[in-house]
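As a plain string of letters, each chain reads:
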Amino acid sequence: MTRVRVVDNSPLGNTPYHRPPKVIHVYTKNGVGKVGDTVLLAIKGQKKKALIVGHKMPGDRMTPRFDSNNVVLIEDNGNPTGTRIKVPISSKLRKMEGDHSKVLAIASSFV
Amino acid sequence: MRIEKCYFCSGPVYPGHGVMFVRNDCKSFRFCRSKCHKNFKKKRNPRKTRWTKAFRKASGKELTVDNALEFEKRRNIPVKYNRQLWDKTVEAMRKVEEIKRKRQAKFIMNRLKKGKQLEKEEAISEVKKNIHLIKAPHAGKAKQLEDKMVQKLQEDVDMGDDDI
């Protein structure tokens, strides 16, 4: 049950709650979530989908390692909930097929 | 493709090498090898770790202010592509590299020359202090005394001649 850091400016992600957002399900074949995988989060007593944009675990060669597990809240159809992402995002997302185009559009910096 | 600088040792990080770390204040750090990465994780200050370039520049052991070093600074304005400019830049890069190397070497040589001088002075003072190991204290005195007596006699003779 990883605790996760929401990096967009959505109200759900930024209003303080007495419990940090936690991952309750990972939508991959093996249960490991890396950059670009969707996960199910439990935030403020609700379930919400999110996209992983950077993690502490060392990943592919030539990808940066982040200091926290960063996540962007997402709807069921892939649209991001927030309107801006200030934190740098792994540029691996750009190459991946999957419709993260809207998320990439609101991101301001890539690493 | 860009050859970055290692945050810790200031060495070149070629593509496919090293680790990149992004901190939560959005500052990114590149490391050329795990040595630098591990030192960073130990919270060591590169300006105090003696083998890094940062230390050498901070303590004046290497050339810091020079026109040749200005070329390496990062420019954030993209330049419009011009083939001639490109060719000339490649040539200029070669020459600048040569000049930079010579200047850096000269700087270090000048810094080390003082050492040679100090060594010489030390050697001289050492010899003076320990001359008793080489030469006995009254070694040349007898001959000196003889020479003086001879000179005095000579003078007396001359005076005697003058009187006469």
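Presented here is an overview of the structure given in this document. (Residues numbered from 1 in each chain as written. Chains lettered and ligands numbered in written order. Predicted model: local features only at pLDDT ≥ 70, side-chain atom pairs only at ≥ 80, totals over all residues. Heavy atoms only, no water.)

## Looking at the overall build of chain B
A tally of helices and strands in chain B yields 5 helices and 4 strands. Starting at the N terminus and ending at the C terminus, chain B contains elements arranged as β-β-β-β-α-α-α-α-α. Radius of gyration (C-alpha) of chain B: 33 Å, far over the 15 Å computed for a compact globule of 164 residues. Overall, the C-alpha framework of chain B stretches about 105 × 45 × 25 Å when taken along its three principal axes. Within chain B, the fraction of its 164 residues that count as buried is 16%. About 14600 Å² of surface is accessible on chain B, with carbon and sulfur atoms providing 56% of the total. Taking the average place of the 44 positive charges on the side chains of chain B and the average place of its 22 negative ones, the gap between the two points comes to 22 Å. (Helix = DSSP H or I, 4+ residues; strand = E, 2+ residues; numbered from the N terminus. Rg over C-alpha atoms; globule rule 2.2 N^0.38 Å. Buried < 20%, exposed > 50% of the residue type's maximum accessible area, 1.4 Å probe, protein only. Areas by Shrake-Rupley, 256 points an atom, 1.4 Å probe, with all protein chains shown as cover. Lys, Arg positive; Asp, Glu negative; His and termini not counted. Charge placed at Lys NZ, Arg CZ, Asp CG, Glu CD.)

## A closer look at the pairing of strand β3 (residues 19-22) of chain B
It is a general feature of regular strands that their side chains alternate between the two faces of the sheet. Looking at chain direction, strand β5 (residues 65-66) of chain A and β3(B) are connected through 2 bridges and run parallel. Counted as the bridge partner of Phe66(A) is Val22(B) from β3(B). With 4 bridges connecting them, β3(B) and strand β4 (residues 28-31) of chain B associate as antiparallel partners. Within β4(B), the position partnered with Val19(B) by the bridge is Phe31(B). (Pairing = 2+ DSSP bridges.)

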